[in-house]
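Below, each chain spelled out in residue letters.
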Amino acid sequence: MVDLIKLTIDGKPVAVPPGTLLIDAAKQMGIEVPSFCYYPGLSLQGACRMCLVAIEKMPKLQTACTTVVGNGMVVHTETPEVANARKAMLEFLLTNHPLDCPVCDKGGECELQDAVFRYGAAETRFLETKQHEEEKKFSSLVYYDRPRCILCYRCIRVCDEGMDVNAYGIGFRGAHSEIIPNRGEHLECEECGACIDICPVGALTSGTYRYKTRPWEVTYTGTVCNHCGDGCKTTLSVRNNVVIRANNRDHSGVNGEFLCVKGRFGWDFVNSEQRLTSPLIRKNGKQEEASWEEALAHTAERLQAVLAQHGPGAVAVIGSNRTTNEENYLLQRFARSVLGTNNLDHHRTADFSSLVRALTEAGAADRHATIEEIGAASSILVIGNDPTHQHPLIAYQVRQAVRQHGARLYVVNAGEIKLRRQASQYLQVSPRGEAEAVRALAGQVTASQDLCTGEAEALPTFAQALTKESDTVVIFGDEIQGQGVGDLVRWGLTLSGRTRFVALGDYANSRGAADMGLFPDTLPGYQPLSSEAARQQFESAWGSNLPTTSGRNLRSILEGIRAGEIKALLVFGANPVRTFKLEKAAFAGLQFLFVAELFRTETAEFADIVVPATSFAEKSGTMTNTCGQVQALKRTMRKAGTRSDLEILLALARLFGQKWPYQSSEDVLREIIALVPGYGIPLPGLLVGHAVATRPEGAPPPLERPDLVFSSRDSLFTSGTLSRYSWALNSVDEAKKPYGHAF
Amino acid sequence: MRGNPLEVKILTRRFGLPNSASIDVYLANEGYQALKKALAIKPDDVINEVKKSALRGRGGAGFNAGMKWGFVPKQANKPKYVVCNADESEPGTCKDRVLMEYDPHQLLEGIVIAGYAIQSHQGYIYIRGEYRYLMEIVDHAIAEAYARGYLGKNILGSGFDFDLCTHSGAGAYECGEETALLNSLEGLRGYPRVKPPFPAVIGLYGCPTIINNVETLSNVPHIVLQGGDWYAKLGTPNNGGTRLFCLSGHIERPGIYELPMGFPLGRMIEEVGGGVWRGKRLKCVIPGGSSCPVLTAEEIDVPMDFDSLTKIGSMLGSGGVVVLDEDTCMVKAAWRIMKFYAHESCG
Ligand SMILES: Cc1cc2nc3c(=O)[nH]c(=O)nc-3n(C[C@H](O)[C@H](O)[C@H](O)COP(=O)(O)O)c2cc1C
Ligand code: SF4
Ligand code: SF4
Ligand code: SF4
Ligand code: FES
């Protein structure tokens, strides 16, 4: 235990750990020292001089943001001299400021406005003409208004230290200084918008939000991003049923204030004009608008006809990576207990089953790392994947671990992924060589000659360095699957300390889809279908028998359709035509195709019935991120004409004569908590917005075939089918093509 | 250079010699003797001698040079650097310029000794952008020193290596501030860093670094050769040696004069500078470059050393003494100086 430093601030004694900055010590006591350039987590700048305080025995006022506490220090944060200095600083800051608060995006949530309000600098002694500069468009998402900029350097630092992009610098000097982007007049960067968010004033504004509203005229709802599997908490700002902004200014959730470009801007598919708002029924070869009642009744009839004629083996269901746990849970219940089939799967983007299986076998079912644990890890091993693009939050957490407390990062990858810049050891392997590298690291095989493209000693050096680590977090992509996951887990657990694992799945609820048992051979909670006990548990809860034989997996479903063995297919929130690059002929053998979708996707185009589903912004429920942390999705708005998959499934079940006992997604969640192993989570924390870790345990069957698990390898600016309907993502993706994403 | 009998010529003693910048003239006049002497004693002893001399930084802040060197960690597994601040851009200051122009080897010798004292092997001279012609003179001197073995590997057979090169500023006042200078030297924007950490611990490229002014370093050979005590006695307590004062403004004989530390300001104006020009009365004096608070005519009895000026609320600064006569409009003068700082502000 280190001795605390004792000092006095505004007459009150306080004791804080050595090294604490004065500004933070004051904050702990509830004294807010105004600041612009100081930002927790970023390096110190000492640029704005707003935080000046009086320290006894010091000749001049000192900056509280750079002064470290000392024993016996006597500090005054609100003397007349201090107030005067702050007022003068504000007067300076306003010399060239346009004071266009009435139209500025930041008006109402501007730190400069607040400070002027507090210290008053209404009169000015500067009568010179203000220097005006035209606003600059740095990218379709980032605009810069020089006259409003107070040169606090936050944007520069967050981009460099937070994003490792370093897209900004300052050009010119004195009152002419301005923020200059890396390409001179435009940005070539990750477009995360962190700089906009962190800007204390309205100098950096957002392409999707600017000049649309005043901040007090919108409603704010905390929910979860719907793109990658990391599960960032986000607050959507909605005005007149249109989402106009996303940020996480309250720093809550697993991500603090981090959001990547997809989370901060890529929600705009929700507002897309191309959203479906009416069910479509194919009549005489053409999809025509119809009522919900007609569409659902028609669906039930057609399904019942196929079941009567061909039996449940001729029906198949494909679920989603982005719908809620409750919807996925009901979907598998519908497939199994209503349709009577186990022909049920989803696009698996990571082999979560093998991870649970391997950990359970090793008696280490609790070794799943959370997002927070990645950020706090002392050593991290990343095998395969390109987290910067596919898992921006995890990449951020890894960088923070390295930057904030010197974690060592080990990277095994075939590509020169950006995270290698933080790596203390980087093992470049031949394409798809990650699984072999794992076996070689584990000492099962000697590495083949061409595995390591670098020097011969690379692998042993790498393995050697890892043995010196403890409590390592091991993160792996789809390159490691099936047997490979077992190899990795067994070897990983031999490293010292508490090794923990993360499998990287592509989308917002990829993990939840697996957890909820969207598998032909696995029940919710990774219980093998073959387990009588597991089956019985659900049978008695649902009061119906479940089919006992394994169904068809996704590849086999597609093959069955081609072979004419599958006659009816239901697709909820998935686009297999695109994911599996199917031709129209592939569906020729189907008698009935039902699709629940936001858009008329390639798969929806082939459908006999398309129903317009609600997006993540329009429904409630829970999502499980790739680390297995459950978070609550909260409805932020309504979209006329749409229904959630939950409502659709309840309606279909009713049409099949079932009496399901659920009124809301919360009812379903209660059942999940009660029945799904690993999901016995406390509800209150979840409801107030916490991320609650699950602890799945089970012995799901081994992976049947390797082509079932594959990542879509989205870039930072793509997100499967959804991103095609995002103006924001498309606009930056297009703009960057000529540069080959060279940030 | 105009002389004055009151001057005590130490740094400027070779200035009058023909070809004073050449290494031969330097060697013929005790040049590089101090280096030889320093290399024969322990690095710490060099630092102690400098501490004893009460040599204070001539760049403006007047920090004790020996103490500054003492802050450099002895055990560091990083390189260490010596940086000479030749950015001289404080209005009213023009002494570093003549030191480099007339006696560059004196400076080089001081830098190598400083390098030896802190066990650094690389030095840089950061020269103000507008001093382009000085770059040539200093570069030529460096080449001469390399050719004669006063720079480079195994200097004078001592086993000590030291390399030195010049770097040109781009013409920004702010780059004279030591940490802005380091940024500029690293190729970054010339913007000051947050202190602490101080450069002695984390300086150039994150390595321990000492930064000293041209005049400060030019004093070092004399201290080593004649001893710290001798040097300290030239000035007032805690203010060792002499100082190059740059007398300018409304004065009869403007110029650079080397006078002992603590020389009274009034006498400097009257006896060295020949008094206020055109028989006018004195209005005020800027004692050490334009960033120092102005002294009124009543305050000029002050001895020109760091502590005395601090005591009366001003600064000795960089030694630029600007004399203003009774007709000066102070508002206009202040406005002019402010224009300079507004233009040079780093933002
Ligand atoms: C705005 C500013 C400008 C400065 N300009 C110079 C300069 O031109 N030359 C110089 O030697 N020191 C200058 N200094 C002082 C340096 O920061 C530093 O104190 C000095 O180089 C240290 O050397 P010394 O201890 O030998 O004086 C300046 C300081 C400030 C704050
Ligand atoms: S949007 Fe671009 S410039 Fe701004 S912080 Fe993100 S990466 Fe940096
Ligand atoms: S643009 Fe905003 S964040 Fe960046 S320096 Fe200006 S005021 Fe600060
Ligand atoms: S990192 Fe993933 S979850 Fe977070 S904002 Fe980006 S896409 Fe959304
Ligand atoms: S907050 Fe301290 S200087 Fe800006």
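Sequence order as written defines residue numbering, which begins from 1 separately in each chain. Key to labels: chains lettered from A, ligands numbered from 1, both in the order written. Only residues with pLDDT of at least 70 get local features here, since the model is predicted, and only at 80 or more are side-chain atom pairs given and counted; chain-wide, interface and lining totals rely on the full set of residues. Remark: hydrogens and water are excluded; side-chain values derive from all non-hydrogen atoms of the structure.

**Q** Just checking my understanding: could you explain the overall build of chain A for this structure?
**A** The helix and strand inventory of chain A stands at 24 helices and 30 strands. Scaling as 2.2 N^0.38, a compact globule of 743 residues should have a C-alpha radius of gyration of about 27 Å, and chain A matches this with 28 Å. Dimensions of chain A, computed from the C-alpha atoms along their principal axes, are close to 90 × 60 × 50 Å. A 1.4 Å probe rolled over the protein chains alone gives each residue an accessible area, and that area as a share of the maximum for its type sets the label: buried under 20%, exposed over 50%, partly exposed in between. Counting only residues that meet the buried cut, chain A has 63% of its 743 residues in that class. Accessible area for chain A stands at about 28000 Å²; split by element, carbon and sulfur atoms hold 51% of it. The helix count covers DSSP runs of H or I at least four residues long, the strand count covers runs of E at least two residues long, and both are numbered beginning at the N terminus. All radius of gyration figures rest on C-alpha atoms, and the globule criterion is 2.2 Å times the number of residues raised to 0.38. Under the convention used here, a 1.4 Å probe and the Shrake-Rupley method define accessible areas, while residue burial counts only the protein chains that appear.

**Q** How should the domain arrangement of chain A be read in this particular structure?
**A** Often, the extent of an interface is quoted as the loss of accessible area on bringing the components together. If you check the domain split of chain A, you get domain 1 (5-93), domain 2 (129-271), domain 3 (280-349 + 509-621 + 642-658 + 702-712) and domain 4 (352-504). Boundary definitions for the domains trace back to an automatic or database domain assignment. Domain 1 of chain A and domain 3 of chain A are separated by 60 Å when their C-alpha centres are compared.

**Q** I tried to follow the sheet that holds strand β11 (residues 219-224) of chain A on my own but got confused; where do I start?
**A** Residue and element names in this part refer to chain A. Strand pairing is assigned whenever DSSP detects at least two bridges linking the two strands. Here we have three strands laid out as an open sheet, ordered β11-β12-β13, and antiparallel in their pairing. Looking at which strands have only one partner, the edges of the open sheet turn out to be β11 and β13 (242-247). Adjacent strand axes in the sheet meet at a mean angle of 35°, parallel and antiparallel pairs treated alike. Across five bridges, strand β12 (residues 233-239) lies against β13 in antiparallel orientation. By the bridge assignment for β13, Thr235 is matched with Asn247. Only C-alpha atoms enter the line fits that serve as axes; for helices the fit covers just the stretch in contact. Angles between N-to-C directions range over 0 to 180 degrees.

**Q** Even after reading the chapter, I still don't get the site of ligand 3, so can you show me in this structure?
**A** When at least one non-hydrogen atom of a residue lies within 4 Å of a molecule or strand, that residue is treated as near it. Residues in contact with ligand 3 amount to 14 residues; listed here are only the nearest, Cys149, Cys152, Tyr153, Cys155 and Cys199 of chain A. Broken down by class, the residue content of the shell around ligand 3 amounts to 13 nonpolar, no polar and one charged. Residues are sorted three ways: Asp, Glu, Lys and Arg are charged, Ala, Val, Leu, Ile, Met, Phe, Trp, Tyr, Cys and Pro are nonpolar, and all the rest, Gly among them, are polar.

**Q** What exactly am I supposed to notice about the environment of Glu88 of chain B here?
**A** Along the chain, Glu88 of chain B falls in the loop between β1 (81-86) and α5 (95-102). What makes Glu88 of chain B buried here is its relative accessible area of 6%.

**Q** So what exactly am I meant to see when it comes to helix α2 (residues 33-40) of chain B here?
**A** The periodicity of an α-helix, 3.6 residues per turn, causes residues three or four places apart in sequence to face the same way. Residue and element names in this part refer to chain B. Buried within α2 we find Ala34, Leu35, Ala38 and Leu39. Within α2, the buried residues cover an arc of 130° as seen down the axis, which keeps them to one side. Throughout, a residue-residue contact means that at least one pair of heavy atoms, one from each residue, lies within 4.5 Å. On its buried face, α2 sits against α3 (43-52), α6 (104-118) and α9 (214-226). Directions pointing from the helix axis toward each C-beta atom define the arc.

**Q** Where do I start with the interface of chain A and chain B in this structure?
**A** Opposite the 13 residues of chain A that make contact, chain B presents 11 residues. The buried area of a pairing is the accessible area, by a 1.4 Å probe, that goes missing from both parts when the two are put together, added over both. Counting the surface lost from both chain A and chain B, the interface buries some 840 Å², and carbon and sulfur atoms represent 48% of this. We define a salt bridge as a side-chain nitrogen of Lys or Arg found within 4 Å of a carboxyl oxygen belonging to Asp or Glu. Applying the counting criterion to the chain A and chain B interface returns one salt bridge. Residues Glu344 of chain B and Arg173 of chain A are paired through a salt bridge, measuring 3.2 Å at the closest nitrogen-oxygen approach. Each polar contact in these results corresponds to two N or O atoms within 3.5 Å; when the atoms are within protein, one needs to be able to donate a hydrogen and the other to accept it, and residues that are neighboring in sequence are counted only if both atoms are side-chain atoms. Our count for the chain A to chain B interface comes out at six residue pairs in polar contact (both at pLDDT 80 or more). Here the side of chain A that touches chain B is built from residues that sort into six nonpolar, six polar and one charged.

**Q** Help me understand the packing of aromatic side chains in this model?
**A** A ring pair, where both rings are aromatic, is described by two values, the distance of the centres and the angle of the planes. Residues and elements named next belong to chain A. Any Phe, Tyr or Trp ring, taking Trp's six-membered ring, that has another such ring centre within 6.5 Å forms a pair; planes under 30 degrees apart are called stacked, those over 60 apart edge-to-face, and the others tilted. Taken as a whole and assessed by the stated rule, the structure comprises 28 aromatic pairs over all chains. Here a set of aromatic residues connected by ring pairs shows up, and it is made of Phe334, Phe656, Trp660 and Tyr662. Cation over ring: Arg210 sits above Tyr143, and NZ or CZ is 3.6 Å from the ring centre. Each ring is checked for a lysine NZ or an arginine CZ that lies within 6 Å of its centre and within 35 degrees of its normal; such an atom marks a charge sitting over the ring. The ring of Tyr507 has Arg322 lying over it, and the distance from NZ or CZ to the ring centre is 4.4 Å.

**Q** Explanation requested: the packing of α5 of chain B against α6 of chain B in the structure shown.
**A** Helix-helix packing is described using two parameters, namely the angle between the two axes and the distance between the axes. Residues and elements named next belong to chain B. In contact at an axis separation of 5 Å, α5 and α6 are set at 100° when each is read in the N-to-C sense. The angle between the axes of α5 and α6 places the two elements in the roughly perpendicular class. Two secondary-structure elements touch here, α5 through Leu99, Met100, Glu101 and Tyr102 and α6 through Pro104, Gln106 and Leu107. Residue composition of the contact of α5 with α6, by class: five nonpolar, one polar and one charged. An angle below 35 degrees is read as roughly parallel, one above 145 as roughly antiparallel, one from 65 to 115 as roughly perpendicular, and any other as oblique.

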